[in-house]
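The primary structure of each chain is shown beneath.
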Protein chains: 2
Amino acid sequence: MAMDAAAEVDHLAAERAAARFDVEEMKVAWAGSRHAVEVADRMARLVASDPVFRKDNRTMLSRKDLFKDTLRKAAHAWKRIVELRLTEEEAGLLRQYVDQPGYVDLHWGMFVPAIKGQGTEEQQKKWLPLAYQFQIIGCYAQTELGHGSNVQGLETTATFDPKTDEFVIHSPTLTSSKWWPGGLGKASTHAVVYARLITEGKDYGIHGFIVQLRSLEDHSPLPGVTLGDIGGKFGSGAYNSMDNGVLRFDHVSIPRDQMLMRLSQVTREGKYVHSDVPKQLLYGTMVYVRQSIVADASKALSRAVCIAVRYSAIRKQFGSQDGGPETQVLNYKTQQSRLFPLLASAYAFRFVGDWLKWLYTDVTQKLDAKDYSTLQEAHACTAGLKAVTTSATADAIEECRKLCGGHGYLNSSGLPELFAVYVPACTYEGDNVVLLLQVARILMKTVSQLASGKQPVGTMAYMAKVQYLMQCKCSVNTAEDWLNPAAIQEAFEARALRMAVNCAQNVGQAASQEEGFYERSPDLLEVAVAHIQLIIVTKFIEKVQQDIPGHGVKEQLQNLCNVYALYILHKHLGDFLVTGCITPKQGALANEQLGKLYTQVRPNAVALVDAFDYTDHYLGSVLGRYDGNVYPALYEEAWKDPLNETVVPEGYHEYLRPLLKQQLRLSRL
Amino acid sequence: MAMDAAAEVDHLAAERAAARFDVEEMKVAWAGSRHAVEVADRMARLVASDPVFRKDNRTMLSRKDLFKDTLRKAAHAWKRIVELRLTEEEAGLLRQYVDQPGYVDLHWGMFVPAIKGQGTEEQQKKWLPLAYQFQIIGCYAQTELGHGSNVQGLETTATFDPKTDEFVIHSPTLTSSKWWPGGLGKASTHAVVYARLITEGKDYGIHGFIVQLRSLEDHSPLPGVTLGDIGGKFGSGAYNSMDNGVLRFDHVSIPRDQMLMRLSQVTREGKYVHSDVPKQLLYGTMVYVRQSIVADASKALSRAVCIAVRYSAIRKQFGSQDGGPETQVLNYKTQQSRLFPLLASAYAFRFVGDWLKWLYTDVTQKLDAKDYSTLQEAHACTAGLKAVTTSATADAIEECRKLCGGHGYLNSSGLPELFAVYVPACTYEGDNVVLLLQVARILMKTVSQLASGKQPVGTMAYMAKVQYLMQCKCSVNTAEDWLNPAAIQEAFEARALRMAVNCAQNVGQAASQEEGFYERSPDLLEVAVAHIQLIIVTKFIEKVQQDIPGHGVKEQLQNLCNVYALYILHKHLGDFLVTGCITPKQGALANEQLGKLYTQVRPNAVALVDAFDYTDHYLGSVLGRYDGNVYPALYEEAWKDPLNETVVPEGYHEYLRPLLKQQLRLSRL
Ligand SMILES: Cc1cc2nc3c(=O)[nH]c(=O)nc-3n(C[C@H](O)[C@H](O)[C@H](O)COP(=O)(O)OP(=O)(O)OC[C@H]3O[C@@H](n4cnc5c(N)ncnc54)[C@H](O)[C@@H]3O)c2cc1C
Ligand SMILES: Cc1cc2nc3c(=O)[nH]c(=O)nc-3n(C[C@H](O)[C@H](O)[C@H](O)COP(=O)(O)OP(=O)(O)OC[C@H]3O[C@@H](n4cnc5c(N)ncnc54)[C@H](O)[C@@H]3O)c2cc1C
Ligand SMILES: [Ca+2]
């Protein structure tokens, strides 16, 4: 059990006793395997028990102290990883539980993968060992002050000089300043810099270059390099531990062989040549990065839900009708209708994330076999899942905070920081709206090819059933009929397809395809979301159709799957009705069934969040404590605020006493 | 024009020139009168030009410095108010533009109104002059650690002791600690404390008491009083300037006459007696406080929208099809479909807020005339409007932040702080869900009385048309038909009423009314929201049916009114379809018309936010600058971060160099 210390009280014991399933087995279902539970648990405890990894003071540190604390934690984590000879899996988990954004994330998460994906074998041989041992620290410098989403618009130049056999990296305008890269501002010694490659007077567009930024002797910026942090970001603590940076180049030369040359090269003479490696290889990295973002969504969401569920079981408000004890707010149907869909979403995103991991392997294998047939579909589906899960998670964390009433607004609840640190996931690695429009574009293309008989693949395969799905009638007659996965699946498929087909028709009516796409883009967002929600529902249904061991575990997951699907159906009821996929009556029945499902989830709610197996350290919330001993903890936390160092506040003599004593010097009276 | 200084550039000049209406006249429509524009502008400039009121460094201050800064600003504001002999209106605006939450807000906003509303004339005569001159500083101490929404569950006791003619105020449990009151932690000398009145051994429930907390000589807590701040809250800067406090009493005695005695008294002998003043009087204060929260919603939302619209006109991303200049992101239909409804909402909330101000006067007059007939309806409608506008505003601010892409995540965008400081409005003065359930209760009661012929009043009057509204058919045939206010009004009325009637039937089917209400409470929330959205739409329609002077002003407001209504209709399409108020075809037409309206709003968007007349100081956003000179400002702001004081960060020698040099002492290798 994931607790920091043997608890003396357990205010949630009755809740735990009431659960109708085996929590230990649910942990396995959540984590993926018994081994995964064990290693996660071990790493979580390792971090929680190490005073260097303390994080309860994070929101109280100044920016400088917070950054220094991050450097300290990163160094200490590395030390422990080496000392304990941790595996890659263990090291990754350890970093996750340290739970403080920092340069290490970009070093491992972006710098290394960029070199792996875009570097030649020779380049990999040279740079990766340096990175693996932290002899250099790297970041990923793509975004500029003036351009983010539109990578092709970047302005930084890398001009080849055949005289010196070097590239000259330069920032020609203010807006070409690199802006946002994590780890760039203070920590990194190197960066993969994206710049317009210019050779023989011609602009060949954006390419990546390994550029040293700082001296390895004293960490000072190299000549011609201006470096800084871009300033404070959302929240206290949160992402402010990261040194997102600004970088300007004043004609900085790098050797030619620091261009990442896997896909194309510049020769000694300055000729630009393509290699025979297919461009599609780059998709692999994108699928990899985005699947990890989906996995992170389920982590962030499950943390928020864990806090809100436990606190809702502790928090009592208003009496029962008969003057008995007060009601746990978790018993209110409105609390359930707001919270349980988010609990279900956490599980849904977890399982679709697991599936994406499989997809990544599948894509990699196919790439190796030079089979590019499913690549576009895989790319669309990861982009869309990234967008839908991060947007839903951001909203859900804030909803969990509101579900905790006033106390959720305190930093000690952990929820403000969880929100502030999470929300940029909706923007980085592709702005969610931009990504959904990409998905929509592929859906429109797929629809337009249906007539010509081209078979849609992977998660779009259902579109081949267009004849049937355009006219099928939902057979639900009773609320219980909505428990049938086939009914759910069909309704979601019909909704997604009919929306796509309708939209394609509207797009087709415009003067040009491009103009139609532009005019209908708000609708296209909805089309993309419908398609992605179908994928999430489908993968959840597939999951619960597998063998799942453990008393009651499968039943719980079935309930959550139904909650997720019927919640989405209710939330987007307009989609289902306007396309005639279901009748108003069937919509009402779905809502009725949803209410019944909440009743079934209720006794299991606390155990369902216990199954996430989070330590109190990782949760970082007095409201979400495993033992439920919320009030003394809240009270104790309060006194730690620096403002409580004195009873009479600083400023009393200057600004309060003169006011109270009517002694403000009034210059002009 | 509301600028801090004469601008040298205006990157938004072309946008401003393109506007098809008179901005100066729109300012009048927004502010309410020419006088209101003038005084707001004058106060805004007064604050913006005073270095004490600087606020661009707020997110960088430590908690203690931020609090001290707040004390300083409050004292300085008071000094200016007295020196310049400002009117109450001017003083209120000055405080608004100072824009830093602090004890003053509770002193004027809660302490004084509580005494006015619940104190006898004698008590008012004694305490109000002290408060008016800041000889005492007061706060409003109701919420406790264990109880917020359920005021009747508060545990603090006030036991009358006939021997001493005093009340003994006591905190019997940890959970009875007062917790949250703003201004309590450090600044207040007095509080209105809510406690269970106990006399002659009997508990008479919750009553208010004026309690001195601190010495007026040295500000130290009085004997038996424990005081502190409850700790950091959401965001940096934001609401952390406020000393939300914790307060415990250990048998603290106060004179009997410090019980607020307007509605009931305790006699010298300890008898509890009611006065002949009707309880309903208290509703007046609630309506007053909540109408000001609705007004604040439109302020917060308009600030966020102003930032997002201006930045979206500056921000360019992706080329045009023909290789011309890049596209302003404001031209993307998705950007418009996300942003323009929020712009329309800002105007909608502004006008419904104006109407609420009128309602408050109306209620006050009726109370004076002992006419209580509209009180419950007025109370429900303000509670509901508080809930709907604050929830929508909180979500909208975050959406505006996302609309600014990556840069919206920087504190210098102003949006993170705007969000963090705003969100508790969804919780304080009544948790929004709890409020909506109150509205729903009254709606259910009204429905149940329709049969008996009881005429619903005020904003519920439409329910009398039940016969008609239950069966009417929407007559819309073309997209343009949706521009007809009568069509919109009827669709919204039918939707609200049918949802209420359906829900009442479902509630009625349960074993008891109470159980039915409980089971159906998630649906009841939706019923309440539908009713309140109808009110907002109705008040907007009524507004644009008035005479509105100024070239093009009325046309713009008509467009925004239609945007708001059709956006709500599209967002809640399921409601309209499931109740059969409109057909799927009509729903699609509404959506089509919405797209056309965005095209009409587009050229006016920048001018429509200019009409809010906010100074750059008040906006506090480099992205929202009046002159649109965003990039140099962003760049400049970055360097102010304390982390940029040194190029090589603190911690390099301890934590980065040893890592890079492979010199981490590995204790166990
Ligand atoms: C915390 C954080 C960390 C980051 N880390 C890194 C990093 O390590 N390295 C790095 O290189 N970058 C990093 N970034 C930058 C990030 O990748 C960009 O912010 C992101 O790609 C979004 O681009 P943008 O900021 O230019 O947004 P914009 O594209 O300017 O978005 C503004 C608005 O325009 C809309 N929009 C844009 N294009 C279109 C279109 N074609 N159609 C419709 N709407 C459109 C968007 O939806 C949005 O509403 C980071 C950003 C953040 C916030
Ligand atoms: C910034 C801030 C400033 C404040 N300032 C003051 C102040 O100056 N003075 C003061 O006295 N107080 C103040 N408060 C306290 C505030 O009034 C309470 O937080 C608020 O009333 C909500 O109560 P709660 O915190 O007990 O929430 P809870 O009632 O505990 O809410 C928790 C959850 O339970 C749900 N819930 C509760 N009851 C029901 C029900 N009957 N049916 C369905 N669901 C229910 C809620 O919807 C919510 O989801 C402040 C709070 C904040 C955040
Ligand atoms: Ca300024």
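Residues numbered from 1 in each chain as written. Chains lettered and ligands numbered in written order. Predicted model: local features only at pLDDT ≥ 70, side-chain atom pairs only at ≥ 80, totals over all residues. Heavy atoms only, no water.

**Let's talk about the sheet that holds strand β4 (residues 178-179) of chain A**
Strand pairs in the sheet, formed through backbone hydrogen bonds, run parallel or antiparallel to each other.
All names here are of chain A.
1) Next: Read across the sheet, three strands follow the order β4-β8-β7 without closing on themselves; strand pairing throughout is antiparallel. With one partner strand each, in any of the chains shown, β4 and β7 (225-229) form the two edges of the open sheet.
2) Next: Inspection of the sheet shows β7 paired to strand β8 (residues 245-249) by five bridges, in the antiparallel sense. Bridged to Thr226 within β8 is Arg248. (Pairing = 2+ DSSP bridges. Helix = DSSP H or I, 4+ residues; strand = E, 2+ residues; numbered from the N terminus.)

**Looking at the interface of chain B and chain A**
1) Next: With 140 residues of chain B in contact, the opposing surface of chain A contributes 140 residues.
2) Next: Its largest share of buried area at the contact with chain A, chain B owes to Phe234, Tyr409 and Leu643 of chain B, together 7% of the area lost on that side.
3) Next: Taken together, the connections running from chain B to chain A amount to ten salt bridges.
4) Next: The partner of Lys661 of chain B in a salt bridge is Glu217 of chain A, and the shortest N-O contact between them spans 2.9 Å.
5) Next: Here chain B and chain A share 60 residue pairs in polar contact (both at pLDDT 80 or more) between them.
6) Next: In terms of residue count, the dominant contributor to the side of chain B that touches chain A is helix α4 (residues 63-83) of chain B (twelve residues). (Contact = heavy atoms within 4.5 Å. Buried area = accessible area lost by both parts, 1.4 Å probe. Salt bridge = Lys/Arg side-chain N within 4 Å of Asp/Glu carboxyl O. Polar contact = N/O pair within 3.5 Å; in protein donor to acceptor, adjacent residues only side chain to side chain.)

**Considering the packing of helix α14 (residues 485-509) of chain A against helix α17 (residues 553-571) of chain A**
Residue and element names in this part refer to chain A.
1) Next: Orientation of α14 relative to α17, taken along the N-to-C sense of each, is 35°, at an axis distance of 11 Å. In the packing of α14 onto α17, the handedness of the crossing is left-handed. Where α14 abuts α17, its residues Ile488, Phe492 and Arg495 lie against Asn562, Ala565, Leu566, Ile568 and Leu569.
2) Next: Of the residues assigned to the contact of α14 with α17, the class counts are six nonpolar, one polar and one charged. (Axes fitted to C-alpha atoms, helices over the stretch in contact; angles between N-to-C directions. Left-handed = near helix turned anticlockwise from the far one by under 90°. Nonpolar A, V, L, I, M, F, W, Y, C, P; charged D, E, K, R; others polar.)

**Considerations on the pattern of salt bridges**
1) Next: Applying the stated rule across the entire model yields 91 salt bridges over all chains.
2) Next: Here Glu15 of chain A makes a salt bridge to Arg602 of chain A, at a shortest N to O gap of 2.8 Å. Remark: Arg602 of chain A occurs in the loop between α19 (584-601) and α20 (605-610) and Glu15 of chain A occurs in helix α1 (residues 13-18); sequence separation between them is 587 residues.
3) Next: The class for Glu15 of chain A is buried, based on a relative accessible area of 9%.
4) Next: Among the ionic pairs, Asp69 of chain B bridges to Lys73 of chain B, the shortest N-O distance being 3.1 Å. Here Asp69 of chain B pairs with Lys73 of chain B, and both are found in helix α4, just four residues apart, close to one helical turn. With respect to class, Asp69 of chain B is no different from Lys73 of chain B; both count as buried. (Buried < 20%, exposed > 50% of the residue type's maximum accessible area, 1.4 Å probe, protein only.)

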